[in-house]
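What follows is the residue order along each chain.
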Amino acid sequence: MQDNATEVTAAGIARLAGVGRAAVSNWRRRHADFPKPVGGTETSPSFALAEVETWLRKQGKLAEVPLRERVWQQLVGHPAGPLTALVHTGWVLLLIHERPTVWLDASAGSDERLAAVLPGALEQVMTPRFGGAPGRGVHSGGRGDVGAAVNTSGEERGGNEGGEPQTVNAPSDAQAVNTSSAVHGVPAAHTTTALRTPTGPQLFLSVPLLRGAAELAAEAGARQAFEFLLGRHLDANPRQYTLTPAELAGLMADLAGPARTVLDPACGTGALLRAVDTRPDQEVYAQDSAPDLAVITALRLALHSRAGVRAAAGDTLRADAHPELRADAVLCHPPFNERNWGHDELAYDPRWEYGFPARTESELAWVQHALARLADGGAAVLLMPPAAASRRSGRRIRSDLLRRGALRAVVALPVGAAPPYNIPLHVWVLRRPDRTPTAPEVLLVDTGRFAAEGRGGPDWAAVREAVLDAWRSFERSGRLEERPGLARSVPVIELLDDDVDLAPARHLPPAAVADGAEQLTAVRERLGATLRLTADLTPPAAVPAPPGARWPLTTIGELARGGALMMRTGGNGGRARVPVLTDHDVLAGTAPSGMLPESEEEAVLTEPGDVVVPVLGGGSVARMIDETTEGAALGRNLVLLRPDRTALDPWFLAGFLRGTANNRQASSYASTATRLDVRRLQLPRLPLDEQRRYGGRFRALDEFERALRHTSRLGEQLVRGMYDGLTDGTVAPG
């Protein structure tokens with residue numbers, strides 16, 4: 001039975017039919033029988049999914065909705081919201097994963113019977129996986145537990161558009177159990193935390209979704225089905241969540257080392273705990289202020305491992321759900337720049353062993369919470385804003401962390417490693433001091449050199465290798481020889497000045513090998529060779545064409561309709577996990593640097609001889625795909641033209657698309673941008689041999705243009721290196 005309450009937007013209809021949103025707008029205007037809106041707003045209406053599917057099939061515009069797309073549309077259009085739908089789906093997928101025969105028996109009857117028997121069936125998997133008595137703990141069945149932005153982190157943390165997290169009130173007693181107040185130093189009573197299964201009436205609206213999710217699990221696996229739906233939800237709501245990239249989560253888990261018990265006190269949807277190499281004898285503990293996210297973490301971990309899972313909802317600093325826990329490891333991506341973290345209520349809390357954090361130092365409150373939940377010798381790894389290493393308001397706490405040997409390492413990540421992407425975040429590695437003497441040195445690492453050019457993320461393989469090699473060497477001997485520009489161990493006494501500034505870049509020697517005289521000499525030689533090549537490639541003097549010569553013209557649209565070329569547009573996602581050629585890469589002439597979210601769309605992959613044209617921003621730009629860009633996925637706002645070489649020379653095509661007048665006549669203008677209609681671009685009708693003559697000249701111009709760009713980059717590198725070398729003493733002025 002199709003759920004008539006499931007709604008779909010115009011964008012969702014376009015995805016179902018495999019067309020653009022403009023086509024959906026045309027259908028609404030042209031067809032009187034097109035389904036009427038049932039919700040949404042005047043500018044963004046929503047439609048009943050069942051009615052839309054019926055209309056599309058009737059019009060012959062839809063053969064069959066792909067299973068993944070059908071389930072996703074049911075989830076995103078769920079009357080109680082997508083988070084509640086994700087929770088319900090996660091419960092059923094866990095049941096299918098753990099006890100498939102129970103699911104088969106429960107789903108054999110009517111929708112009413114399925115909704116009635118599911119709560120009892122879910123309880124059969126809840127107790128052995130999560131502990132405790134059914135019906136207690138995190139609420140997971142209602143709507144409104146989580147707003148559009150939630151004050152949490154781990155894999156994600158909500159925030160407004162300016163990056164400041166928005167505060168959400170702590171859950172009510174009905175939503176969170178065993179999280180009584182820890183105000184004024186009185187810890188919350190520690191009892192086993194369990195999850196509350198949804199009730200039959202709550203599940204009834206989800207039955208069509210749950211049946212579809214079961215079909216998806218039979219096709220792809222329960223674990224993969226849940227990851228697909230969760231990943232699609234996060235991709236569809238990028239402003240509501242602050243993500244912890246999987247590569248960063250893996251690095252943090254490796255820095256913490258093997259552990260039998262692991263805690264994430266700000267878990268989001270469990271990215272950090274998922275990165276832990278779990279075993280059946282392990283236990284993972286999680287807490288989040290958003291009840292639905294705490295449940296999603298628990299379900300996700302249960303689907304991915306056999307470890308025991310203990311999850312709770314509630315404000316961790318104000319109402320710690322695990323006050324008696326002494327874990328082997330704590331992993332945490334706390335909320336940044338929190339002012340309302342409990343400063344006024346928690347003045348006498350026993351967790352402030354290293355000093356009472358200032359109101360502006362919420363991150364240092366999370367650091368001390370993590371240390372308080374560690375067993376002696378246990379490790380805590382936290383993602384921190386760089387300001388926490390140097391703000392004057394936190395210097396007394398940083399000083400005490402150093403003196404007592406709790407802070408063991410500070411790692412500066414490259415720009416772009418995690419949100420906010422414009423600053424180099426830090427990773428702090430801490431250990432709860434035991435009876436062994438405290439180490440006299442602290443490891444400082446700066447991986448800024450591994451930042452990627454353009455919009456791509458950092459070189460994670462290089463970051464991981466550099467950080468783990470330095471950390472493991474430091475752990476073995478308690479110190480690390482200088483690695484200029486990268487890492488060194490610093491005696492604690494050197495850091496205990498008036499500022500107690502822990503920013504690695506301020507304590508590391510410059511990378512003399514990379515920026516020294518020898519390297520600059522090599523850059524200068526390469527620049528000289530490139531300049532000579534550029535001179536050789538300089539086009540010869542222009543020869544005027546005979547007066548009055550005019551060609552018969554055709555357009556890209558006509559050539560596409562006639563089969564002389566194939567025209568494809570870039571997408572918003574894809575199954576191919578390859579680098580993405582972005583519009584920025586095309587304009588700058590750089591290598592593919594982007595990434596697309598995973599989806600069921602077929603990514604458009606480039607091939608040598610393709611011509612790529614950006615459609616936004618104006619200007620006469622067309623790029624030929626070569627060995628440096630082949631195999632990349634085509635990004636948004638790009639159009640790919642693949643000529644039939646028996647009819648059309650690729651360089652001839654690319655060259656004429658660069659004409660300024662050609663681009664001007666094919667452009668349209670909005671209030672703030674120029675958009676190119678690639679179909680209206682014109683080419684002369686010339687024989688293939690004549691096309692190749694023009695193509696050879698266009699190819700020579702392209703080589704000259706690339707040489708100029710390379711010369712510019714080498715020149716900038718030489719100038720910057722000379723400034724750095726003269727100012728840091730590695731280059732003499734003579």
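Provided above is the structure to which this section pertains.
This structure is a prediction, so every number in the text was calculated from the model and none was measured.

Asks: With reference to specific residues and values, describe the overall build of the protein chain.
Replies: Looking only at helices and strands, the protein chain has 24 helices and 22 strands in total. Counting across all 734 residues of the protein chain, residues that qualify as buried make up 52%. Counting only carbon and sulfur atoms, one obtains 51% of the accessible surface of the protein chain, whose full area is about 32900 Å².

Asks: Hey, could you go over the side chain of Thr555 for me, with residue numbers and the actual values?
Replies: Within the fold, Thr555 resides in strand β13 (residues 553-555). Those residues in contact with Thr555, other than ones at most four positions away along the chain, are Arg679, Arg680, Leu681 and Gln682.

Asks: Tell me about the pattern of salt bridges, and name the residues and values.
Replies: For the structure shown, the criterion picks out 40 salt bridges. Linking Asp501 and Arg506 is a salt bridge whose minimum nitrogen-to-oxygen distance equals 2.6 Å. We classify Arg506 as exposed; its relative accessible area is 56%. Put simply, Glu353, Asp376, Asp400, Arg404 and Arg432 are held in one network by salt bridges that share partners.

Asks: Now, about the pairing of strand β12 (residues 487-491): what can you tell me, with residues and values included?
Replies: The buried count for β12 comes to four of five residues, which makes it a mostly enclosed element. Looking at chain direction, strand β11 (residues 441-446) and β12 are connected through five bridges and run antiparallel. Among the inter-strand pairings, Leu443 is bridged to a residue of β12, identified as Ser489.

Asks: Please set out the nonpolar core residue by residue, giving values where relevant.
Replies: Core analysis: the biggest nonpolar cluster contains 96 residues, and Trp91, Phe130, Leu255, Leu331, Leu383, Leu413 and Val427 have the highest contact counts within it. When residues in this core are grouped by element, the largest group, ten residues, is from helix α5 (residues 82-98). Residue contributions to this core reach at least three from each of two domains, namely domain 2 (67-128 + 193-240) and domain 3 (241-506). Counting 39 residues, the second largest nonpolar core, distinct from the first, contains Ala327, Ala370, Leu401 and Val410.

Asks: Can you lay out the packing of aromatic side chains for me, pointing to particular residues and giving the numbers?
Replies: Enumeration over the complete set of coordinates arrives at 13 aromatic pairs. Plain terms: the ring middles of Trp341 and Trp352 are 5.9 Å apart, the flat faces sit at 85° to each other, and that makes the pair edge-to-face. Separated by eleven residues along the polypeptide, Trp341 in the loop between β7 (327-332) and α14 (362-372) and Trp352 in the loop between β7 and α14 bring together distant segments of the chain. We note that Trp341, like Trp352, is buried. Ring plane angle 55° and centroid distance 5.6 Å describe the contact between Phe656 and Tyr694, whose orientation is recorded as tilted.

Asks: Quick rundown of the sheet that holds strand β17 (residues 623-624)? Include the residues and the values.
Replies: Ordered in space as β14-β19-β16-β17, the four strands form an open sheet in which the pairing is antiparallel. On the outer flanks of this sheet lie β14 (565-569) and β17, each paired with one strand and no other. Those strands touched by helix α22 (residues 650-657) are β14, β16 (611-614), β17 and β19 (638-643), and its axis lies near 15° from that of β16.

Asks: Explain the sheet that holds β12 to me, and be specific about the residues and the numbers.
Replies: The strand order across the open sheet built from nine strands is β6-β5-β4-β7-β8-β10-β9-β11-β12, with neighbouring strands paired in mixed fashion. Only two strands of the sheet have a single partner each, and these edge strands are β6 (308-313) and β12. Between one strand and the next, the sheet's axes are offset by a mean angle of 15°, whatever the strand orientation. As paired strands, strand β4 (residues 261-264) and β7 are joined by two bridges and run parallel to one another. Residue pairing across strands places Val262 opposite Ala329, the latter belonging to β7.

Asks: Quick rundown of the environment of Asp585? Include the residues and the values.
Replies: Summarising the element assignment, Asp585 is placed in helix α21 (residues 583-588). Measuring from C-alpha to C-alpha, the distance between Asp585 and Thr629 comes to 9.9 Å, with 44 residues separating the pair along the chain. Not counting residues up to four positions away in its chain, the partners in contact with Asp585 are Val580, Thr590, Ala591, Pro592, Ser593, Gly594 and Arg623.

Asks: Describe helix α9 (residues 207-220), and please don't skip the residues or the numbers.
Replies: Taking 1.5 Å as the rise per residue, α9 with 14 residues should run 20 Å; its terminal C-alpha atoms sit 20 Å apart, in good agreement. Every buried residue of α9 is listed here: Val207, Pro208, Leu209, Leu210, Gly212, Ala213, Ala214, Leu216 and Ala217. Elements in contact with the buried residues of α9: α4 (67-76), α5, α6 (100-106), α7 (111-130), α8 (200-204) and α10 (222-236). Positive backbone phi, approximately 105°, marks Gly221, located one or two places after α9.

Scoring rules and cut-offs
Residues numbered from 1 in each chain as written. Predicted model: local features only at pLDDT ≥ 70, side-chain atom pairs only at ≥ 80, totals over all residues. Heavy atoms only, no water. Helix = DSSP H or I, 4+ residues; strand = E, 2+ residues; numbered from the N terminus. Buried < 20%, exposed > 50% of the residue type's maximum accessible area, 1.4 Å probe, protein only. Areas by Shrake-Rupley, 256 points an atom, 1.4 Å probe, with all protein chains shown as cover. Contact = heavy atoms within 4.5 Å. Salt bridge = Lys/Arg side-chain N within 4 Å of Asp/Glu carboxyl O. Pairing = 2+ DSSP bridges. Core = buried A, V, L, I, M, F, W, Y, C linked by side-chain atoms within 4.5 Å. Domains from an automatic or database assignment. Phe/Tyr/Trp six-rings, centres within 6.5 Å; stacked < 30°, edge-to-face > 60°. Axes fitted to C-alpha atoms, helices over the stretch in contact; angles between N-to-C directions. Expected span 1.5 Å × (residues − 1).

Purely geometric stuff here, so don't read any function into it on its own.
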